[in-house]
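Analysis of the macromolecular model
If you want the building blocks of each chain, they are given just below.
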Amino acid sequence: MKRDQDLVQITPSQAKKQYFESRRGEVRETTLKSQSTGVKRFAKWCEDHQKELSGLTGMDVQKFYNELKKEDYAKATLRNYMTAVRQFLLYLERVEAAPPDIADKVHRPVLEKSERRRDTEIDPERVKEVVDWLSRFKYASRDHIIMLLLWHCGIRTGSLRALDLEDFTHLDKDPVLQVKHRPDKGTPLKNGLDGERPINISDEVATALKDYIEHNRFDNTDEHGRKPLIPSYNRYSQDQIRKTCLYYTCPKTTGIGTCNCEEQRTRQTATDCEKSVSPHVIRSASITYWRQKDVPVEAVSDRMNVSRDVIEQHYDRRTEEGKAQQRRKYLNQL
């Protein structure tokens, strides 16, 4: 076993930089971004406490964890931070810049099943009402199409913004959206090539899309020469999609539901409304809605590009009573 003085001497800041450089290209940028906070916090803690990486001990790692706990993070967030720290320490072990087996000293809180689920949610019926409101008052607008596709297809924001004009096909009265992984052209999918799939859409959704393309779509190309289905001056960003969801799920915007906002929010301030939700929550509501309509979990899994286990653990918001009623209905048909 190497002694501390035999290990590579490197500052936490330098190690952090080299770690992210080594990971770039191996994992998606979204993965790196999700890990960055935990690693940055740990590197800064080491520097603030004058801890050399080559001399780290299990007690040091525990002290860092204890300080994080004092900040009253949700247990799931705390676990994510410490998981990122463990990955960082595994890298340092591999390049001989930290003591062997130091990563095994990382404590990660164990989550109960209820804690692994998101706290934020929205009634699927309210999302449906918002989409219906948009179909009446902002029909075939960009906002309408964004909310309509998020709701109807249950797709991620990355998949939505990855769609090109040519990915919408409606030959032989079978309208389809083709979701494609194009990392070299600016639109990678979360699950890479495994995320590629055709998504069948209803005639109603297809008609709205056709009207949007013919009358309201801003005709533009992105920096890769592609024609986005949802363009702005380039390609609509995930943050712009997020702001659209937050804005229209604030009850002050549509009059659907109630909230504590004293006046109507803007797209910039809608995040302050306690009833506004992100695209991820819209996706969760969509999955729940499909399951409530007795669509088999396998079909939902294929459509939304998510495993059955993940659907049941994180997305399916049906109540236990609702699930029991659906099971009884199937049993009565046997």
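The coordinates are above.
Residues numbered from 1 in each chain as written. Predicted model: local features only at pLDDT ≥ 70, side-chain atom pairs only at ≥ 80, totals over all residues. Heavy atoms only, no water.

Looking at the environment of Cys153
Within the secondary structure, Cys153 is located in helix α6 (residues 142–153). Every residue in contact with Cys153, bar those within four places of it in the chain, is listed here: Leu148, Leu177, Ile199, Ile201, Arg303 and Met304. (Helix = DSSP H or I, 4+ residues; strand = E, 2+ residues; numbered from the N terminus. Contact = heavy atoms within 4.5 Å.)

A few points about the packing of α6 against helix α8 (residues 203–216)
Pairs of packed helices are described in terms of their axes, by the angle between the two and the distance that separates them. The N-to-C vectors of α6 and α8 enclose an angle of 155°; their axes lie 10 Å apart at closest approach. Between α6 and α8, the interaxial angle falls into the category roughly antiparallel. Classified by chirality, the crossing of α8 by α6 is left-handed. Residue-level inspection shows Arg142, His144, Ile145, Leu148, Leu149 and His152 of α6 in contact with α8, the latter providing Val205, Ala208, Leu209 and Tyr212. Residue classes in the contact of α6 with α8 are distributed as seven nonpolar, two polar and one charged. (Axes fitted to C-alpha atoms, helices over the stretch in contact; angles between N-to-C directions. Parallel < 35°, antiparallel > 145°, perpendicular 65-115°, else oblique. Left-handed = near helix turned anticlockwise from the far one by under 90°. Nonpolar A, V, L, I, M, F, W, Y, C, P; charged D, E, K, R; others polar.)

As for the pattern of salt bridges
In a structure, side chains of opposite charge can pair up when their charged atoms sit close to one another. This structure, assessed with the given rule, holds 15 salt bridges. A salt bridge links Lys51 to Asp60, with the shortest nitrogen-to-oxygen separation between them at 3.0 Å. What makes Lys51 partly exposed here is its relative accessible area of 26%. A single salt-bridge network, built from bridges that share partners, covers Asp164, Asp167, Lys180, Arg182, Asp222, Arg226 and Arg235. (Salt bridge = Lys/Arg side-chain N within 4 Å of Asp/Glu carboxyl O. Buried < 20%, exposed > 50% of the residue type's maximum accessible area, 1.4 Å probe, protein only.)

Section: the packing of aromatic side chains
Scanning the model with the defined rule gives 12 aromatic pairs in all. Ring plane angle 50° and centroid distance 5.2 Å describe the contact between Trp133 and Phe137, whose orientation is recorded as tilted. Note that Trp133 and Phe137 are positioned in helix α5 (residues 124–137) at a spacing of four residues, about one turn of the helix. Between the aromatic rings of Trp133 and Tyr248, the centroid separation amounts to 6.3 Å while the plane-to-plane angle is 45°, which identifies the pairing as tilted. One end of the pair, Trp133, is in helix α5; the other, Tyr248, is in helix α9 (residues 238–249), and 115 residues separate them in sequence. Of the residues examined, Trp133 reaches a relative accessible area of 14% and is grouped as buried. By relative accessible area, Tyr248 is classed as buried at 2%. Through successive ring pairs, a cluster of aromatic residues spans Tyr19, Phe20, Phe42, Trp45, Phe64, Phe88 and Tyr91. (Phe/Tyr/Trp six-rings, centres within 6.5 Å; stacked < 30°, edge-to-face > 60°.)

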